[in-house]
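# Analysis of the macromolecular model
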Amino acid sequence: MLLNENNLCNYYNLDKNPGLKAKGKFISDRFAYLDDETTKQKLVQFSSDEQVNITFSIPQMHCSSCIYLLENLHRIEPGVKQSQVNFQKKEIFIIYNPTETTLRKVVELLAFIGYEPHISLKDMDVKKTPAFNRKQIYKIGVAGFCFSNIMMLSFPEYLSSGIINEAGLKETFSWIIFGLSLPVLFFSAADFFVSAWKGLRQKFLNIDAPIALAIIVTFARSYYEIITGSGAGYLDSGSGIVFFMLIGRWFQNKTYDSFSFERDYLSYFPLGVTILKNGVETNIPVTQLQKLNRIIIRNEEMIPADAILVKGTANIDYSFVSGENIPVEKNKGELVYAGGKQVGGAIELEVIKEVSQSYITQLWNNDIFGKKKNTEKSFIHPWSRYFTYILFCIALVTAIVWYFIDVSKIFPAVTAVLIVACPCSLLLSATFTYGNMLRIFGRNKLYLKNASVIESLAKINTIIFDKTGTLTQSHSAEVNYKGLPLSQNEMAIIKTISKQSSHPLSKLIASSMPHITNETVTLKQFKEFTGNGLEAVAGNTYVKMGSSAFVKETNPLLMHGSGSAVHVVMDEVLMGTFSIQNQYRSGIKEMIKNLNRKGIEMYVLSGDNDLEKENLQLIFGNNANMIFNQSPQQKLDFIKSLQHLPNSAVKNKNKSVLMIGDGLNDAGALMQSDIGIAVSENSSQFTPASDAILDSSKVHLLDKFLSFAKAGKKIVTASFILSILYNFVGLSFAVQGLLSPMVAAILMPASSISIVLFVSLYSSFIARKKGL
Amino acid sequence: MSAFFILIGFSILVAAVFLAAFLWSVKKGQFDDDYTPSIRMLFDEPEKTESNSTKTINQ
């Protein structure tokens, strides 16, 4: 095939599991909208007559073979001049020659080899800026350079205890240090001043305020000493602190480049749509779709706006919207909602609402999507406030005491207090603890948006579960047979008939009998009654399979209850029934038990019907709170009402709600809750906007995640105590006016490094103990 | 001892060159992706003459 023709076969030598193969369902004019000049203009980064540069996001990228194949695109399509992969961001940068190929051809080629780029409407509106913050790295680099050179030049001062014989050498050192410290103060430390100033303007003393104060005092006193020639200053420890704090920030701000936590419906919808105008099919961008347009939706395509079916039989799969994966049949004249996927032949629709006004997208017009979540102020901030007050008290007391003993010592002692008691160890303990916890969560496939989510996670006392896709596995189910025993031949017949249908239940039945070979069965007169059942003659047997209304029989053996049932009738005799039940993820029961023990309230909120109620009760207990048939808006409202209820366990405190769900129908609820966790079957898949993305195979670890987040607070508190001990030692020198630059230069980095080591090791130890 | 002044000037100059090199490499995007290049260098360059033997092995 294509790969072979171009001698790219050694691709398969590389990896035993080369993974995704070319996807078969390739529809030729799906990408026709890419020929549209305005669309093209919005997508490409650079274009000239000979060269076009473009970056695509390719979520399917998953192994080293992908890199090989994608970087060798030019051998399949000579028009492509260069292709370069960024595996962590799951992006590919392509340069092609527009005279030899087109954008559409490049995208079609990518789709054909199984790496369909994700092109969303969002990309079209905003030009991407590199998420990677290089400026922060510049600042660290500059601070590191200045810090190490200042340290080196300060050594003579420490070792000779301030007496350097060579004339002019001491002054030269001082002035070089002076020069080196300027970029640290004005470039590297600038963020601290900006953030402290912003806080002060809003009359809020944030953690950066005492840090900014300490930096200013350190540098001002040092400059004073250097200019007057009275001492060497503390620029070495001052720039060292800036350097360490910048590293701390960088460590905490690890981002997951390949995930996006801020998505709206535009990311899900197709870019182009085929419209029918005067009998001619044309492709237009979805944004230009208007009311009363006739559109054509083919197999596996998504409906972009609410519309009325005018031609064809629709079989709409709303799994994306509601989580229910059995397609719904719609007839001519019926309303179909945006977000559904057509399964089967092409249909013709008349649009009745614009894309942004459709049922599913309306949710995004809700206020909740307009405003950013109130991120609660971290508990570190009040601490830092107390810290600052206490610090001022100590400085004041020191000043008063020295006023009575020796007035000339007031200035050195007070500044020394402010220098040595820098709250940087407070800051470092929190940044490194949360930074390390983010990594541990990430290793367990829970990807948090940022570190402040950890603190909110520790406060959670109510959890709301979505059913389909979260508690249950979305694409597998348990198939049980009850009835007369079936012979090999009969099973083969059932499998053969089931295989003819694309209905999910038939598919499940067929796949539940992998050991049966069905070569011997020949079918005559196969007929499918959509939504009801199948009818066929296999050999000499007349077989009917389907709902009990369809086969006109009920199985007395079958307990009335949950799941879907397919009855099998052979030659007018009821053979038995296949009952199909959603399969719950393993470990869920255990997890619920643990959460219950911790006194966490739990709810199940499902958009689905209540057929599964009994099974859910087995997991959650009989008194479980379960609410079914919820629309996306109702889910959102339910969470809102919960958040205003007082918590039963802790009085005077509102509920802190965690919502865990997957489908687009949970999007509003995820947004409204204090923490929304989006469950994803495959981490490259697109998930609704949320605070965290959890791989579906790890849902059962939720209780452990919560208790680890709670432990995080303990770790930070423990390290606070440690840093207060250091401050105590430093302050006891400082109040006596004895803080030499050497003591400061040893004590400050030593406290920073030991705190970093302490929190990293301690949090890793706790994680291991909790089995993460 | 006045050699000190020259040596210190040199040492800072050398360090500044390294700083400049670091800033340049960040600007050129050398730290943007620290995974893909390590895989990329493992791929062999394609053989110029198409040998049939590799084809048959892979089919």
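Residues numbered from 1 in each chain as written. Chains lettered and ligands numbered in written order. Predicted model: local features only at pLDDT ≥ 70, side-chain atom pairs only at ≥ 80, totals over all residues.

## Points about the overall build of chain A
From N to C terminus, chain A includes 29 helices and 26 strands. When each of the 772 residues of chain A is scored for burial, the buried share is 40%. Pairs at least 24 residues apart make up 67% of the contacts formed inside chain A by residues separated by at least 6 positions. (Helix = DSSP H or I, 4+ residues; strand = E, 2+ residues; numbered from the N terminus. Buried ≥ 20, exposed ≤ 12 C-beta atoms within 10 Å, placed from the backbone. Contact = placed C-beta atoms within 7 Å.)

## Concerning the sheet that holds strand E8 (residues 307-311) of chain A
Judged by pairing direction, the sheet is antiparallel, and its six strands sit side by side in the order E6-E5-E7-E13-E8-E11 (chain A) without closing on themselves. For this open sheet the edge positions go to strand E6 (280-285) and strand E11 (335-336) of chain A, each flanked by a neighbour on one side alone. (Pairing = 2+ DSSP bridges.)

## Observations concerning the confidence of the model for chain A
Per-residue pLDDT for chain A has a mean of 78; in total, 83% of the residues score no lower than 70. Contacts of residues 4-26 of chain A to residues separated by more than four positions or lying in other chains number 43 contacts, the stretch itself having pLDDT below 50. (pLDDT = per-residue confidence, 0-100.)

## A short note on the nonpolar core
Residues and elements named next belong to chain A. Core analysis: the biggest nonpolar cluster contains 110 residues, and Val 242, Val 417, Val 420 and Ala 692 have the highest contact counts within it. Counting contributing residues, this core receives three or more from each of domain 2 (135-251) and domain 4 (439-472 + 585-710). The residues touching Ala 692, leaving out its near neighbours within four places in the chain, are Leu 446, Tyr 447, Leu 448, Lys 449, Val 453, Ile 675 and Ile 677. Within the second largest apolar cluster, 26 residues are counted, among which are Val 80, Tyr 96, Val 106 and Leu 271. (Core = buried A, V, L, I, M, F, W, Y, C linked by C-beta atoms within 7 Å. Domains from an automatic or database assignment.)

## So, the environment of Gly312(A)
Residue and element names in this part refer to chain A. The residue Gly 312 is located in the loop between E8 and strand E9 (314-317) in this model. Classification of Gly 312 by C-beta neighbours within 10 Å gives partly exposed; the count is 18. Residues Gly 312 and Ile 394, 82 residues apart in the sequence, show an inter-C-alpha distance of 82 Å. Setting aside residues up to four positions removed in sequence, Gly 312 forms contacts with Gly 345, Ala 346, Ile 347 and Glu 348.

## Notes on helix H16 (residues 380-405) of chain A
If you check H16(A), its first and last C-alpha atoms are 37 Å apart, about what 26 residues at 1.5 Å a residue would give, namely 38 Å. When we look at burial in H16(A), the residues that qualify are Ile380(A), Ser384(A), Phe387(A), Leu391(A), Ala395(A), Thr398(A) and Trp402(A). (Expected span 1.5 Å × (residues − 1).)

## Structural notes on the packing of helix H9 (residues 169-188) of chain A against helix H12 (residues 235-252) of chain A
Any two packed helices are characterised by the angle at which their axes cross and by the distance between the axes. Residues and elements named next belong to chain A. Here H9 crosses H12 at 30°, and the two axes come no closer than 10 Å. The orientation of H9 with respect to H12, classified from their angle, is roughly parallel. In the packing of H9 onto H12, the handedness of the crossing is left-handed. Every residue of H12 that contacts H9 at Ile 177, Ser 181, Val 184 and Ser 188 is listed here: Leu 235, Ser 239, Val 242 and Leu 246. (Axes fitted to C-alpha atoms, helices over the stretch in contact; angles between N-to-C directions. Parallel < 35°, antiparallel > 145°, perpendicular 65-115°, else oblique. Left-handed = near helix turned anticlockwise from the far one by under 90°.)

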